Amino acid sequence: MTPTRILPDLQCSLLCEDVRQEVTGNFILVGVLNFIRVPHLPVIALKLSVFNRWTAGIGQFIESTRLVAPDQTTVLRKGEVRFVLQDPNHHATNVTLFGQVEFKTAGVYYIEVLVDDVMKLRYPVPVIHTPPPQPHQGQPPKPQDPAPPQA
């Protein structure tokens, strides 16, 4: 008996600044993100890309990729894509773009990847607020080093 449907495995999921495709079909991942460090909040990310690669499945599927707020219930962005795997040795690569994402607070956000409403992966994306250093109050700024004498 030949199976007609096997739920695929998620080979990888990476949050990136951008994903590009070469003429050869190969992908270039730009700025793979472990966290998002910002000098002030709220802040808007112009574009975030989620690169997902599926394998070892047979059939038609719907991938859902979500960006979830630190409260773990609010879905900030969601993307869905249909894909087909005709053989377990094939793979499918999907890229979901999230544009104009506003991060209102620091905290741990989450990327969730589902296939046909089955959660395959959930990973944290910390948004870290790091204000720029402030000059000390009441102290004059440090003098610049004098320029070397001209000969």
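Each residue is numbered by its place in its chain's sequence as written, counting from 1. With the structure being a predicted model, the display of local features is reserved for residues of pLDDT at least 70 and the display and counting of side-chain atom pairs for 80 or more, all residues being used for whole-chain, interface and lining totals. As a convention, hydrogens and water are excluded, and side-chain values are obtained from all of the structure's heavy atoms.

Concerning the pairing of strand β4 (residues 43-55)
Counted only if it meets this: At least two DSSP bridges between two strands are required for those strands to pair. For the purposes of this entry, the term helix denotes a DSSP run of H or I that reaches at least four residues, the term strand denotes a run of E that reaches at least two, and both are numbered from the N terminus.
Taken together, the 7 bridges between strand β1 (residues 9-21) and β4 define a ladder with antiparallel strand orientation. Following the sheet pairing, C12 is matched in β4 by R53. When β4 meets strand β7 (residues 91-103), the two strands line up antiparallel, connected through 12 bridges. Looking at the pairing, L48 lines up with F98 of β7.

Observations concerning the pairing of β1
By the bridge criterion, 5 bridges tie β1 to strand β2 (residues 27-32) in an arrangement that is antiparallel. When the sheet's bridge partners are listed, Q21 is paired in β2 with F27.

A look at a nonpolar patch on the surface
The criterion, for reference: Patches were defined on residues exceeding 30% relative accessible area and lacking a salt bridge, with like-charge contacts within 9 Å and nonpolar side-chain contacts (Val, Leu, Ile, Met, Phe, Trp, Tyr) within 5 Å. Reported accessibility uses the Shrake-Rupley method at a 1.4 Å probe radius. Residues are deemed covered only where the shown protein chains occlude them. We define a salt bridge as a side-chain nitrogen of Lys or Arg found within 4 Å of a carboxyl oxygen belonging to Asp or Glu.
Together, F27, V95 and L97 line one region of the surface with nonpolar side chains, adding up to about 250 Å² of accessible area. Tracing the chain through its elements places F27 in strand β2.

What to know about the packing of aromatic side chains
The geometry of two aromatic rings is summed up by the distance between their centres and the angle between their planes. Going by this rule: For Phe, Tyr and Trp, rings pair up if their centres lie within 6.5 Å, where Trp contributes its six-membered ring, and each pair is then called stacked (planes under 30 degrees apart), edge-to-face (over 60) or tilted (otherwise). Burial classification: accessible surface area is computed with a 1.4 Å probe over protein chains only, and a residue below 20% of its type maximum counts as buried, one above 50% as exposed, and the rest as partly exposed. Throughout this description, the term charge over a ring refers to an Arg CZ or Lys NZ atom that lies within 6 Å of the ring centre and within 35 degrees of the ring normal.
Taken as a whole and judged by the stated rule, the model has 4 aromatic pairs. Considering the side-chain rings of F27 and F51, the 5.4 Å spacing of their centres and the 70° angle between planes classify their relative orientation as edge-to-face. Of this pair, F27 sits in strand β2 while F51 sits in strand β4, and the two are 24 residues apart along the sequence. The class for F27 is partly exposed, based on a relative accessible area of 33%. With centroids separated by 5.6 Å and ring planes inclined at 25°, the aromatic side chains of W54 and F83 adopt a geometry described as stacked. Separated by 29 residues along the polypeptide, W54 in strand β4 and F83 in strand β6 (residues 75-85) bring together distant segments of the chain. Neither W54 nor F83 differs from the other in exposure class; each is buried. Through successive ring pairs, a cluster of aromatic residues spans W54, F61 and F83. Between the NZ or CZ atom of R122 and the centre of the ring of Y110, over which it lies, the distance is 3.9 Å.

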